[in-house]
Amino acid sequence: MVLRIAARPAIVEGFDISTISGTNATGSMVHFEEGAPRRNRYRHFRIRTVTQADDPAMMGELVGRHFAGLIARGDKLPDLVVVDGGITQTRAARDQLLRLGRDDVAVIGLAKTHEEIHRSDAPTIRLPENSAALKF
């Protein structure tokens, strides 16, 4: 498997941060089950604790808040978290999951410049331009 994770993920959640010139930060989350989007599970977040342009810190806040809520409600957790960004955003998301005691959720980051896949615990994966995995 391209992502080098134990099993095919049934539930995937993707996170992204948006700012306007480094201010007015918000975050969004998309949710897929068995490869199909579940738009009723999509979420939009205001960044509350990070006041300056710090994308990794914002990603950490977003993932931490979302997962704390899932855990508190006893909701099913995703098998894979995909963050928009490189290794620093990936590590920030992974650190929040570890803080919450969840080392069983795989986290990858997508750096679009070179179509790189980052993991906090493995070397960077660069896919060939014709890879079918890029369509995901």
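The preceding data block contains the structure.
From a predicted model like this one, the values you see are computed outputs, not experimental measurements.

Conventions adopted
Residues numbered from 1 in each chain as written. Predicted model: local features only at pLDDT ≥ 70, side-chain atom pairs only at ≥ 80, totals over all residues. Heavy atoms only, no water. Helix = DSSP H or I, 4+ residues; strand = E, 2+ residues; numbered from the N terminus. Core = buried A, V, L, I, M, F, W, Y, C linked by side-chain atoms within 4.5 Å. Buried < 20%, exposed > 50% of the residue type's maximum accessible area, 1.4 Å probe, protein only. Pairing = 2+ DSSP bridges.

(A) Focus on unusual backbone geometry. Phi at Glu34 takes a positive value of approximately 50°, unusual for a residue other than glycine. For Glu34, the position within the fold is in the loop between β2 (23-33) and β3 (36-37).

(B) Examining the nonpolar core more closely. In terms of nonpolar packing, the biggest core is built from 20 residues, with Phe15, Met59, Val63, Phe67, Val81 and Val83 touching the most fellow members. For this core, the leading source of residues is helix α1 (residues 55-73), giving 6 residues. In terms of nonpolar packing, the next biggest core, distinct from the first, is built from 9 residues, Val12, Val82, Ile108 and Leu127 among them.

(C) Broad picture of the pairing of β2. In the sheet, strand β1 (residues 11-20) pairs with β2 via 9 bridges, with the strands oriented antiparallel. Bridge assignment links Phe15 to a residue of β2, and that residue is Met29. Of the strand pairs in this sheet, β2 and strand β4 (residues 43-46) are connected by 4 bridges, and their pairing is antiparallel. Counterpart to Ser28 in the pairing with β4 is His44. Pairing of β2 with β3 involves 2 bridges; the strand directions are antiparallel. Bridging across to β3, Phe32 finds its partner in Pro37. The antiparallel hairpin formed by β2 and β3 contains 2 residues in its connecting segment, where Glu34 sits at a positive phi of about 50°.

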